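# Descriptive analysis of the structure
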Amino acid sequence: MKQIDDIRQIMVAGGGTLGLRIALRCALDGYHVTLFDLQESQLETAKQQHARLVHGLLRDEQVSNAQAGRVATHLQMTTDLSEAVKETDLVIESITEDVPIKNAFFTDVCPLLSPDVLLATNTSFLLPSQFLSAVDRPAQFCAFHFHDVFNQTVVDVMPHSETDPDYVALLMEFGRRIHQIPVHVQQETPGYLFNAMLFTIMQQATQLLTSGAGSIQDIDRSFMGNFKTPAGPFGMLDQIGLDTALHIAHNRPELTGDHFVTLLQSYVDKGHLGFKSGQGFYRYPKPEFAQPGFLAAHSGD
């Protein structure tokens, strides 16, 4: 089993909203990172998002100029899987929330890896045991679930029954080294800790909206004003991605309800996926809930 100081080269699979952030966070903290995606266009988008994120992090003094300078030297991108895994110590998979698609990735990547390379899956509601048929190193495989990486900095470490406890400890320490707050989910739990709670809130929020109890803005204002959060349930859904939330709802119906699915489906059908598409419950890149005065604005916007 590798030790924490043996982890120098990271491969992140999936250049979507979360994958690109994981890759950037690791590079900023001194790791050499390769971001892999099948689509060159997705990697181009990732480059643009990296530039925007680094600009904001520097402005807010969350990273130093020295850290920002590492991006050019420590972060590379490729659509070639065999190139992506060269000399890697840890593979973090962050692709579509779909068991067959993830299993296909693990089936392809495992034969390319040396036996001591560690594997992790970043999945919101799926369980690591669902991928064991495709993973050739179960003791070195664990769920490692990020939230936002820069603003919501919890990372869940959730083993399956065959995960080596030393690997759990390693991931907990690795999480700290990339400026996350690691939490140990001691047994396989759909939704980990926060997401299991969050979807209960989002289900209630959509019920309030569809019943006519309040507007999107006022439901979010109520939540933000009481909990002092930067976004409410609908703003959070936009960040997750309405298509991702809909996929989760289809696979975990006990967490939501028909009104939740119907509402999200109406947005997804129009291509309104949230932050990633520029429009969801709010318009981006400058959503209404993030503007000065939102909490004090007239109700019923």
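Thresholds applied
Every residue gets a number counted from 1 within its own chain, in the order that chain's sequence is written. Whole-chain, interface and lining totals are the exception, using all residues; otherwise, since this is a predicted model, local features are given only for residues with pLDDT of at least 70 and side-chain atom pairs are given and counted only at 80 or more. Here the side-chain values reflect all heavy atoms present in the structure, with hydrogen atoms and water set aside. Helix and strand labels come from DSSP, where a helix needs a run of H or I of at least four residues and a strand needs a run of E of at least two; each type is numbered from the N terminus. Pairing of N or O atoms within 3.5 Å defines a polar contact, subject to two protein rules: one partner must be a possible hydrogen donor and the other a possible acceptor, and residues neighboring in sequence count only if both atoms are side-chain atoms. The contact rule is simple, with two residues in contact once any of their heavy atoms fall within 4.5 Å. Residue burial is assigned from relative accessible area. The probe radius is 1.4 Å, only protein chains are included, and a residue is buried under 20% of its type maximum, exposed over 50%, and partly exposed in between. By arc we mean the arc of the directions from the helix axis to the C-beta atoms, nothing more. Think of it this way: DSSP has to see at least two bridges between two strands before they count as a pair. Buried and open spaces are told apart on a 1 Å grid over the protein atoms alone, a cavity being a set of points where a 1.4 Å probe fits but cannot get out and a pocket being an open set with protein on both sides within 12 Å along at least five of seven lines. Residues with an atom within 4 Å of a point are the lining residues. Grid points are joined across faces, edges and corners, and a volume is the space filled by probe spheres set on the points. For this classification, the nonpolar set comprises Ala, Val, Leu, Ile, Met, Phe, Trp, Tyr, Cys and Pro, the charged set comprises Asp, Glu, Lys and Arg, and every other residue, Gly included, is treated as polar. UniProt positions are given in the numbering used here, feature names are shortened, and annotations may be inferred rather than shown by experiment. If the strands point away from the viewer and the path from the first strand over the helix to the second runs clockwise, then the crossover is right-handed. Take a side-chain nitrogen of Lys or Arg and a carboxyl oxygen of Asp or Glu: if they are within 4 Å of each other, that pair is a salt bridge. The term nonpolar core refers to a set of buried residues drawn from Ala, Val, Leu, Ile, Met, Phe, Trp, Tyr and Cys, joined through side-chain atoms within 4.5 Å.

Here we take up the side chain of E93. Mapped onto the elements of the fold, E93 is located in strand 4 (residues 90-93). Within the structure, E93 has its side chain in polar contact with the side chain of T121 (distance 2.4 Å).

What follows covers the environment of Q279. Counting through the fold element by element, Q279 comes out in the segment after helix 11 (258-268). Here the alpha-carbon distance between Q279 and T210, two residues 69 residues apart in the chain, equals 19 Å. Here Q279 is in contact with H272, L273, G274 and Y284, once residues within four sequence places are set aside.

Note that an α-helix has 3.6 residues per turn; residues three or four places apart therefore point the same way. Regarding helix 10 (residues 242-251), the residues found buried are L242, A245, L246, I248 and A249. Seen end-on, helix 10 carries its buried residues on one side only, within an arc spanning 160 degrees. Summarising the contacts, the buried residues of helix 10 are in contact with helix 7 (194-210), helix 9 (233-240) and helix 11.

Attention now goes to the pairing of strand 6 (residues 141-146). Along any regular strand, the residues point their side chains to alternate faces of the sheet. Within strand 6, six of the six residues are buried, which leaves the element mostly enclosed by the surrounding structure. Alternating positions in strand 6 separate into two faces, F141, A143 and H145 on one and C142, F144 and F146 on the other, with burial throughout. The pairing of strand 5 (residues 118-121) with strand 6 spans three bridges and is parallel. Counterpart to T121 in the pairing with strand 6 is A143. With four bridges joining them, strand 6 and strand 7 (residues 154-158) adopt antiparallel strand pairing. Residue pairing across strands places F144 opposite V157, the latter belonging to strand 7.

Moving on, we get to empty space enclosed by the protein. Tallied over the full model, the rule gives one cavity of 30 Å³ or more. Here the largest cavity defines a volume of roughly 30 Å³. What lines the largest cavity is E97, F125, L126, H247, I248, N251 and R252. Per-class residue counts for the lining of the largest cavity are three nonpolar, two polar and two charged.

Right, let's get into the UniProt feature "domain: 3-hydroxyacyl-CoA dehydrogenase NAD binding" (unreviewed entry) in the chain. The positions UniProt marks with the feature "domain: 3-hydroxyacyl-CoA dehydrogenase NAD binding" (unreviewed entry) are residues 10-187. Between the C-alpha atoms that bound residues 10-187 there is a distance of 26 Å. The span itself is 39% helix and 20% strand.

Two strands pair when backbone bridges link them, and strand 7 and strand 8 (residues 181-184) are joined in this way by four bridges, in the parallel orientation. In the strand pairing of strand 8, D156 is matched with V183. After leaving strand 7, the chain enters helix 6 (residues 165-177) and then returns to the sheet as strand 8, a path that is right-handed.

All right, on to the pattern of salt bridges then. Per the stated rule, a full pass over the model turns up 14 salt bridges. Counted as one network, the salt bridges with shared partners bring together D5, E173, R176 and R177.

A word on the nonpolar core. I10, V33, L90, F144, F146 and F174 are the most contacted members of the largest nonpolar core, which has 42 residues in total. Discounting residues that sit within four places of it in the chain, I10 has contacts with Y31, H32, V33, T34, T88, L90, I92 and F174. Listed in part, the 32 residues of the second largest apolar core include M202, I216, F234 and L242.

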